[in-house]
Amino acid sequence: IPTHYEKDVSSILIPHGVIMDRVNKLARLIVDESNGPLVVCCILKGGHQYFADLVNVIKKLTTKSGNSVPLSLEFIRVKSYHNDQSTGEVKVSLTEDECKEFKGKNLLIVEDIIDTGATMVKLLEKLRQYEPSSIKVTSLLIKKTDRSNGYIPDYVGFAIPDAFVVGYALDYNEYFRDLDHICVISEHGKERYANP
Ligand code: PRP
Ligand code: MN
Ligand code: MG
């Protein structure tokens, strides 16, 4: 833990090395089950680290099946959180022109976490209107919470308990993205970086 965050996290939930092992396995699984080119969609900002590491593995990967897939990369900005609460209002930054490009393509959505599931359900509703030939979703984390709408992605890294987690690009009011491990934020951290 960098010294600037020492008091702001209460524990390391998933160390960076464990994340990377899981990313390697997920990449293999995704490539094995793909047929044809993939449009890999990074859900900004939280998805950027998982996306970068996943793409990096996929592009170097030769699987047992000998399967290998050409990738194109897309970036979608989606936001709904303020402090540790979902606002319920999901903003998706995609122009009409960008959406039209998805027609007939195989999309792989890369997200950091499914919490309530509201973000992913809203995003998928929007993307389906543009008739991609398939949509698969991978999320590094899924939270076990009674606030969940029941959405489960196709490829999941880890199921985690109902705590507010940060690091590996997951933020609390934009802080902690610069932390390698996935950690539980402390009360000290919540107070220090709270927004009005
Ligand atoms: C977070 C996270 C997911 C979403 C999950 O994004 O990165 O995209 O919330 O929550 P949900 O399942 O309850 O909808 P956020 O809105 O904080 O934007 P960010 O990725 O830029 O941090
Ligand atoms: Mn996000
Ligand atoms: Mg966030």
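Below, the structure is looked at part by part. (Residues numbered from 1 in each chain as written. Chains lettered and ligands numbered in written order. Predicted model: local features only at pLDDT ≥ 70, side-chain atom pairs only at ≥ 80, totals over all residues. Heavy atoms only, no water.)

Once that is clear, we can look at the environment of Val-31. Residue position: Val-31 is located in helix H1 (residues 16-32). With a relative accessible area of 1%, Val-31 lands in the buried category. Separated by 28 residues in sequence, Val-31 and Lys-59 have C-alpha atoms that sit 9.8 Å apart. (Helix = DSSP H or I, 4+ residues; strand = E, 2+ residues; numbered from the N terminus. Buried < 20%, exposed > 50% of the residue type's maximum accessible area, 1.4 Å probe, protein only.)

Neighbouring ligand 1 are 19 residues, the closest being Ser-80, Tyr-81, Glu-111, Thr-116 and Thr-119. A distance of 2.7 Å separates an oxygen atom of ligand 1 from a polar side-chain atom of Asp-112. The separation between an oxygen atom of ligand 1 and a polar side-chain atom of Arg-177 is 3.0 Å. Protein contacts shield 96% of the accessible area of ligand 1, which totals 490 Å² for the unbound molecule. Among the secondary structure elements, those contributing two or more residues to the shell around ligand 1 are strand E3 (71-82), strand E5 (106-114) and helix H4 (118-128). Here the element with the most residues in the shell around ligand 1 is E3; it accounts for five residues. (Near = heavy atom within 4 Å. Polar contact = N/O pair within 3.5 Å; in protein donor to acceptor, adjacent residues only side chain to side chain. Areas by Shrake-Rupley, 256 points an atom, 1.4 Å probe, with all protein chains shown as cover.)

The biggest cluster of nonpolar side chains holds 31 residues, and the ones touching the most others in it are Val-23, Tyr-50, Leu-54, Leu-140, Leu-141, Val-165 and Ile-182. The residues contacting Val-165, other than those within four sequence positions of it, are Leu-13, Ile-113, Leu-141, Ile-160, Leu-170, Ile-182, Cys-183 and Val-184. If you look at the next biggest cluster of nonpolar residues, it comprises 20 residues, including Cys-41, Leu-107, Leu-127 and Ile-142. (Core = buried A, V, L, I, M, F, W, Y, C linked by side-chain atoms within 4.5 Å. Contact = heavy atoms within 4.5 Å.)

Per the counting criterion, the structure on display carries six aromatic pairs. Between Tyr-5 and Tyr-193 the ring centres are 6.3 Å apart and the planes differ by 75°, which places this aromatic pair in the edge-to-face class. Taken as a pair, Tyr-5 in the segment before strand E1 (9-14) and Tyr-193 in the segment after helix H5 (187-192) lie far apart in primary sequence, 188 residues in all. Judged by relative accessible area, Tyr-5 falls into the buried class, the value being 2%. A centroid spacing of 5.7 Å and a plane angle of 80° characterise the contact between Phe-164 and Tyr-172, whose relative ring orientation is edge-to-face. Neither residue differs from the other here; Phe-164 and Tyr-172 are each classed as buried. Linked through ring pairs, Tyr-5, Tyr-175, Phe-176 and Tyr-193 together constitute an aromatic cluster. (Phe/Tyr/Trp six-rings, centres within 6.5 Å; stacked < 30°, edge-to-face > 60°.)

The element strand E6 (residues 134-143) is extensively covered by neighbouring structure, given that seven of its ten residues are classed as buried. Pairing geometry for E5 and E6, over eight bridges, is parallel. When the sheet's bridge partners are listed, Val-110 is paired in E6 with Thr-138. In this view, the connection linking E5 to its parallel neighbour E6 by way of H4 has right-handed handedness. Two strands pair when backbone bridges link them, and E6 and strand E7 (residues 155-160) are joined in this way by five bridges, in the parallel orientation. (Pairing = 2+ DSSP bridges. Right-handed = clockwise from strand over helix to strand, strands pointing away.)

With that settled, consider helix H2 (residues 48-60). With 13 residues, H2 extends 19 Å from end C-alpha to end C-alpha; this agrees with the ideal 18 Å at 1.5 Å per step. The complete set of buried residues in H2 reads Tyr-50, Phe-51, Asp-53, Leu-54, Val-55, Val-57 and Ile-58. Taken together, the buried residues of H2 touch H1, strand E2 (38-44), E3, E5 and E6. (Expected span 1.5 Å × (residues − 1).)

Here we come to the packing of H1 against H2. Two numbers describe how H1 lies on H2: the axes approach to 9 Å, and their chain directions differ by 55°. Taken together, the axes of H1 and H2 lie oblique to each other. Crossing handedness for the pair H1 and H2: right-handed. In this structure, H1 contributes Met-20, Val-23, Asn-24, Leu-26, Ala-27, Ile-30 and Val-31 to the contact, and H2 contributes Tyr-50, Asp-53, Leu-54, Val-57 and Ile-58. Class assignment of the residues belonging to the contact of H1 with H2 gives a composition of ten nonpolar, one polar and one charged. (Axes fitted to C-alpha atoms, helices over the stretch in contact; angles between N-to-C directions. Parallel < 35°, antiparallel > 145°, perpendicular 65-115°, else oblique. Left-handed = near helix turned anticlockwise from the far one by under 90°. Nonpolar A, V, L, I, M, F, W, Y, C, P; charged D, E, K, R; others polar.)

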